[in-house]
Amino acid sequence: MDPAYLSLIESNEKTRPELYQRKKEFVSWCNSNKEANDIRELRQVVKARTPEPVEVVFKDLTVRVPMAESGLPSVVESLAKPFQKLGRLVTCKSDPNPGPKLFRKLDSISGSARLGEMVLVLAPPASGCSSLLKVLSGAKQNKVFIEGDLTFNGVSHEEAIFKSSVMQEDDVHLPPLTVEKTLRIPSEMTVPNNIDNRSTVVDDEIQTMMRLLGIDHRSDTLIGSSLLRGVSGGEKKRVSIGEAILNHGQLSVFDGWSRGLDAATALHIGKILRALCNISQVPCVHSLYQAGSDLFSLYDKVLLVADGKQLFFGEPDEAVRYMSSRHIERPITKSIPDFLTTLKPVSGVNLFNEWRQSSELSLLSVSLDQQMTDGLKNRGQFGISFTSSSELTPTSFIHNLYWLLWRELHLTKNNARQYIGARLGRYLFQGTILGLLFFQVKLDLNGAYNREGLLYNGITTMGTGTMALMPDILEQRAVFSRQKDCSMFKPFAWPLAKGIWDIPLALAEAIVFVSIVYWAAGLDPVFNHYIICIFLFFVFNISMSNFVRLFVYLSPDAHAAQGLCGTSVILFSFYSGFAIASNKIPVWWKWIYDISPYAYMYRALLINEYNDRTFYCNPNEPNVVPCETGQIPGREYIASQLDVDYSNGMIWWCALYLACFGVASLLLSAVAASKLNFTPTGNVLRQKHHHTTSTQSATSESDDEDHDENQHLINVTNSKSKSKPVTLAWDDISYTVPIDNGKSTKQLLYNVSGQCRPGNIVALMGATGAGKTTLLDVLARRKTQGSVEGKVTMNDIEVSDEVFRSVTGYVEQEDLHHPRSTVREAVRFSSRLRSTETSIEGDDRIADEVIELLGLGPLADTLIGNEQTGGGISLEARKRVTIAVELVSDPSVLFMDEPTSGLDSAGALVVMESARNIANSGKTVICTIHQPSEELFYMFDSLLLLHEGYVSYCGPVGNKAVDVMNYFGETATLEEGSNPAEIVMNAVKYGDIDWVEKWRQSPLLEEPNQTDFETLAGATSISDNTSITTRPAAVQFKELFKRQIMTHERTPSYNLTRLGFTIWVSVLFGSTYFQLGHSPSDLRSYVTVIFVTSNMGLLNGMTAVAPILEARPSFYRETASGTYRPMLYAISQLISEIPIVLSIALVWVNILYWMSGFPSGAYLFFTAEYLVFVCFMQFFGMAIASLVPNLLMAQVLLPVICMAWNLHSGFLILTKSIPVYLKEFNIVNPFTYFLRSMVTNVLTHTGPFMVDGIDIRQLFLDEYSWSFDTHVADVLRVLGGVIFMALVFLLGTVYKKHITR
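Residues numbered from 1 in each chain as written. Predicted model: local features only at pLDDT ≥ 70, side-chain atom pairs only at ≥ 80, totals over all residues. Heavy atoms only, no water.

### Focus: the packing of helix α21 (residues 527–554) against helix α24 (residues 597–610)
Close contact between α21 and α24 brings their axes to 10 Å; oriented N to C, the two are set at 175°. One way to sum up the angle between α21 and α24 is to call them roughly antiparallel. Residues His529, Ile532, Cys533, Leu536, Phe537, Phe540 and Met544 of α21 form the contact with α24, whose own contacting residues are Pro597, Tyr598, Met601, Ala604, Leu605 and Asn608. Considered class by class, the residues forming the contact of α21 with α24 number 11 nonpolar, 2 polar and no charged. (Axes fitted to C-alpha atoms, helices over the stretch in contact; angles between N-to-C directions. Helix = DSSP H or I, 4+ residues; strand = E, 2+ residues; numbered from the N terminus. Parallel < 35°, antiparallel > 145°, perpendicular 65-115°, else oblique. Contact = heavy atoms within 4.5 Å. Nonpolar A, V, L, I, M, F, W, Y, C, P; charged D, E, K, R; others polar.)

This is how it looks when you write it as structure tokens:
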């Protein structure tokens, strides 16, 4: 051990004797541990780089936050609010609720974290633990009101500016990055630029950290996500820990850092954190849900909190003595941390009041006052030295920008198929379509008109394509918000890096697109004009990309972002000067034209193409411009027809505006990203009933109530169960997966055998990455890829997948639920479709009983929510909901993947007691588990211990773990208070014996199977189960449809966004074409209005994608469990969309139609046709969503197809001008049928358009190659398209799978 550290310990003996002995003992571990060299290496880096540590002192800390709105989110209520405010304004009445109602999230919390101290916060879930840690980290939060004393090195929390290393409970990373590159970012950002051998220091630090955390073998593995294979959940947690350590804050705050880690790994990492705390002297405040005794002993102080109130603060050993003085004794079978997290006070004892009146708090208050005074005295010596948050990052802004660009490079490389392939492929395809459609445009007046359409289409193609950038920003925003809060880099750098990195891609897109279109269409062959065209498209692409990013940064979710961006693109393109000339735009909307980048781009392209061209005409025929010599200069054509200033200098003024527009959008997006934060920061409870619900705490429960609750479960499972006993056996299971895009394979499981009998619980244990979840997925038949060898039987019978799923339940590790459902609704939904009852009342009774037995009663009418929606119940409550939706099906075999992950000791005990009682009722239970306490471990009947895919033990646990301890007796000795699970895990992972090889030679491996399968199989008749579903199709559809309608009602952002933009755009267009008359120019305006109407269908299609993708994870879970038929789910989604889509469409029609002065006789047909077309576009968007893996691919594919339809519709390029080889495309073009039927219907009822005594309507239609007698047939064709798209969506939903396991 380093002499400097030893001297530090010696100084602690005099100044802080309470820490001396603990740290002295820790020295021996560091010297004897095999990672001691790594720790010493890391110490040198930490010593050189960590800024002055910051002590945090808090006294009577109270935190108030706004109460959630009463009731569930509702479209009706959201619509009513503006009118209510308007009514109060008109009537001069005051708002009855002028400000937010506040409630106490934390009440009178006192304590401190001094230099070199590790403080552990123990609290039941939903007790305000995460809120406390966020406040103690110094994070600046909106609408969070802090009372009491909170100082950092003597500086008040309002003034303190310092850097904290914060690790959130959720592991939020960029999936396409590897482990090593994820850790490189914080390391590169925190190593000062003036350090010698900087690159070597960074590399050594990263390698050391990966070795310490045991992830060095995964350095080149992607982080991954639910859609992208990557590291395991435990390894991802270790990446989060490593990232937080490498951020080198002055205060360390880790929330639930052991979640997802096995006991041995958690203890190992805990010792590393202890060592780093000792070395750097940085105070640490951690929270743990389930802490083992050895891990618990590493902490200097413990803070007990329940229901936001403090129960104790002091040394861990003192906590037990303090509780004993309050007549709360620790049972011998409970470890100290389990005891402290499952406190059950005697009757009449209020632990909160006891603490407030205790002498311990009085002494603590005196000590805290002294610490705050000392902090003020030492403020100039080592206190808060930063004057602004920009100084928290020790590296320069340019350095930050460089490494964020480096990260963008690797994100692009690792996801090249989407980042590059999809983007360039889109423009390659669209450029080819445009080039073929406008192939070698002639230099006559028709060619002049077609060139306008070509240039306009090029602009809209490029502008619409930039909307594909939205998913990238939305997916990465949570990572950016977390890293911004940790001061990992300067906030402005990330948005700027995104914008700068887009420059080469935008240039490549412009070159690919322009090169194809320019030469195929026969535009001006002068090379300079070609280069100018590329430059203009490049600048325009950059400008619109930054503009789209700005709107995404300003939007709270994907629905709002799509609405804002889609509407802006439509308005910019409409007021570009093509659809309506600039001199005909109403003065009140001229400002849109003046700021529209589309208008400047269109003007510049016209000048570039037309200025040096001459068009030919026939002087003997009527022409749109004077043609006396048979030639018309291009500049005269655009000046007379399009009101364009044709001076060559205007090109560069337009380019300058586009560049300024792009730079301004980029800077504003940087400001918005750094200032706004839409990432959910906590759980906001939204409940049906209008009363406040609080989570029950340990201080309000009694032993009698707990006993009754468990007894209730026993009664339910024993008396009501209709499932049949099943023995599940597996023999020589091996599992291999493809890697490197199928070029090679990797074996994850090796000849695993075992069994689980009715009434037993088998625990699958092993270190992180050992293959526990993999084995469980294989046994549960949830794997969708890879090769499985071996045999899995039920009562010695190999059954079909359908029969297997009908008798099994699977509690997944990830809690995938419908976020808009309440707890009661979700459990009842599962019960009504999966339980063995024969009536709705019976189904609901079972659901309510399961809700109560899992302790979900107080949250029964609360929205479940998720991380994206930003509201709902806590993570541990979601875990209990996951268990509940499976329990109601009364399965014979129950698989549980990490059922206690994210739960505190009390919650884990409730869950495993439930599992134990389920097994006692004759069920077969198999579960993976990471950190079982001694009490939980004793509940298991058998243990299957895995090590790197091999079996190291498979046998009985025994009474008080005697059997398993006898097997590991050579290296494991069970002492009082020891946890056998931790002992076994440490023996296998860190011991000197090869337990895999020992198991192969063990006599236990050869023990015969004692199950009488013939008797059991005959008794259970498992093959009689012939259907995976237990409810008729009508019942399934009814429940699914009800849930879909409820989802729409509770998603105001989705529906009100569409409604708001529909009203806004319809009023805008209606006022632009207000009360059209019967002049020849009005004749074309009718067509333009209808063409714009068709483009609004594109917005409907784009907004239809996000809800489908959001519901996909819960859909996959439910269908995998056999809850309902996928086809019925898809049908319910289709039908539930119809009334909402039609309602919004009616709003559009009734505003635009009458404002534009369309004839009343055409109204009914116009309305019916538009409703059919909107349904087509809605179903088209849903079909695309069912076929693509993510939002990015949908945003790429959908506009490409719509652009092709738009081009061939006959408006942008006349039908007669479309090349013969592309005219057949109109057979499958709904835009052609829609535009043609709508125009002919309207012109039929408008009355004649007279010019020189001749009605020119038919002549006008002849130009478009249309006729009056086709509109009915065209409507039927669009209706056929509706049916076709519905079928595509149905088949895509049922057969196309986007998640692989």
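### Remarks on the pairing of strand β21 (residues 924–928)
Taking burial as the measure, the 5 residues of β21 include 5 buried ones, the bulk of the element. The pairing of strand β15 (residues 761–766) with β21 spans 4 bridges and is parallel. The residue bridging Ile761 from the neighbouring strand is Val925, located in β21. Here strand β20 (residues 893–897) runs beside β21; their pairing, made up of 5 bridges, is parallel. Each bridged residue has a counterpart across the sheet, and for Leu894 the counterpart in β21 is Val925. (Buried < 20%, exposed > 50% of the residue type's maximum accessible area, 1.4 Å probe, protein only. Pairing = 2+ DSSP bridges.)

### Remarks on the sheet that holds strand β14 (residues 744–756)
With antiparallel pairing, 3 strands are arranged side by side in an open sheet as β14-β13-β16. At either margin of the open sheet sits one strand with a lone partner, and together these are β14 and β16 (787–794). Strand-to-strand, the axes of this sheet are offset by a mean angle of 15°, without reference to chain direction.

### Description of the sheet that holds β21
Spatial strand order, β17-β20-β21-β15-β22-β23: 6 strands in an open sheet with mixed pairing. Bordering the open sheet on either side are β17 (808–811) and β23 (950–956), each of which pairs with just one other strand. Each strand of the sheet is rotated relative to its neighbour by a mean of 15°, with strand direction disregarded. Here helix α32 (residues 875–887) sits on the sheet in contact with β17 and β20, set at roughly 175° to β17.

### Some points on helix α19 (residues 470–485)
Taking 1.5 Å of rise per residue, the 16 residues of α19 would be expected to cover 22 Å, and the 22 Å separating its terminal C-alpha atoms lies within 8% of that figure. The largest bend in α19 is about 40°, located at Arg477. In terms of burial, α19 is largely enclosed, as 12 of its 16 residues are buried. For α19, the complete set of buried residues consists of Met470, Pro471, Asp472, Ile473, Gln476, Arg477, Val479, Phe480, Ser481, Arg482, Gln483 and Lys484. (Expected span 1.5 Å × (residues − 1). Bend = angle between axes of the 7 residues up to and from the residue.)

### What about the packing of helix α30 (residues 823–834) against helix α31 (residues 840–853)?
Between two packed helices, both the angle of their axes relative to each other and the distance between the axes serve to describe the pair. Across the interface, α30 lies against α31 with an axial gap of 8 Å and an inter-helix angle of 130°. Taken as axis vectors, α30 and α31 run oblique relative to one another. At the point where α30 passes α31, the crossing takes the right-handed sense. Packed against α30, whose contacting residues are Val823, Arg824, Val827, Arg828, Ser831 and Arg832, the element α31 presents Ile840, Asp843, Asp844, Ile846, Ala847, Asp848 and Ile851 at the interface. The residue makeup of the contact of α30 with α31, split by class, is 6 nonpolar, 1 polar and 6 charged. (Left-handed = near helix turned anticlockwise from the far one by under 90°.)

### Examining the packing of aromatic side chains
Applying the stated criterion across every chain yields a total of 68 aromatic pairs. A ring pair is formed by Tyr456 and Phe578, whose centres lie 4.4 Å apart and whose planes are at 15°; its orientation type is stacked. On the criterion of sequence distance, the pair formed by Tyr456 in helix α18 (residues 445–465) and Phe578 in the loop between α22 (558–574) and α23 (590–595) is long-range, its members being 122 residues apart. No difference in accessibility class separates Tyr456 from Phe578, as the two residues are buried. Aromatic side chains Phe527 and Tyr530 sit 5.5 Å apart centroid to centroid with 50° between the ring planes, which places their arrangement in the tilted category. Here Phe527 and its partner Tyr530 are both found in helix α21, 3 residues apart, which amounts to about one turn of the helix. Taken together, the ring pairs connect Phe540, Phe547, Phe551, Phe572, Tyr598, Tyr600, Tyr657 and Phe661 into an aromatic cluster. Sitting over the ring of Phe352, Lys309 keeps its end group 4.9 Å from the ring centre. (Phe/Tyr/Trp six-rings, centres within 6.5 Å; stacked < 30°, edge-to-face > 60°. Lys NZ or Arg CZ within 6 Å of the ring centre and 35° of its normal.)

### Details of unusual backbone geometry
The phi dihedral of His248 falls on the positive side, at around 50°, and the residue is not glycine. Relative to the assigned elements, His248 resides in the loop between α8 (233–246) and β7 (251–255). Residue class for His248 comes out buried when judged on its relative accessible area of 7%. A positive phi is found at His327, a non-glycine position, where the angle reads about 65°. Among the structural elements, His327 can be located in the loop between α11 (316–325) and α12 (336–341). According to the relative accessible area criterion, His327 is exposed, its value standing at 59%.

### Section: a nonpolar patch on the surface
Where nonpolar side chains cluster on the molecular surface, the patch consists of Val1272, Leu1276, Leu1279, Ile1283 and Leu1287 and spans about 470 Å² of accessible area. Structurally, Leu1287 is set in helix α49 (residues 1271–1295). For Leu1287, a relative accessible area of 45% puts it in the partly exposed group. (Patch = residues over 30% accessible without salt bridge, like charges linked within 9 Å, V, L, I, M, F, W, Y side chains within 5 Å. Areas by Shrake-Rupley, 256 points an atom, 1.4 Å probe, with all protein chains shown as cover. Salt bridge = Lys/Arg side-chain N within 4 Å of Asp/Glu carboxyl O.)

### Quick word on the pattern of salt bridges
Summed over the entire model, instances satisfying the criterion amount to 48 salt bridges. Across the salt bridge formed by Lys301 and Glu117, the nearest N and O atoms sit 3.3 Å from each other. Note that Lys301 is positioned in strand β9 (residues 301–306) and Glu117 in the loop between β2 (102–113) and β3 (118–122), a separation of 184 residues in sequence. As far as the burial class goes, Lys301 and Glu117 line up, both buried.

### Describing the nonpolar core
In this structure, Phe438, Phe537, Tyr575, Phe1069, Ile1090, Phe1158 and Tyr1170 are the most contacted members of the largest nonpolar core, which totals 176 residues. Considering every element that reaches this core, the biggest residue donor is α21, with 17 residues. Grouped together as the second largest cluster of nonpolar side chains are 91 residues, Val737, Val823, Leu944 and Met985 included. (Core = buried A, V, L, I, M, F, W, Y, C linked by side-chain atoms within 4.5 Å.)

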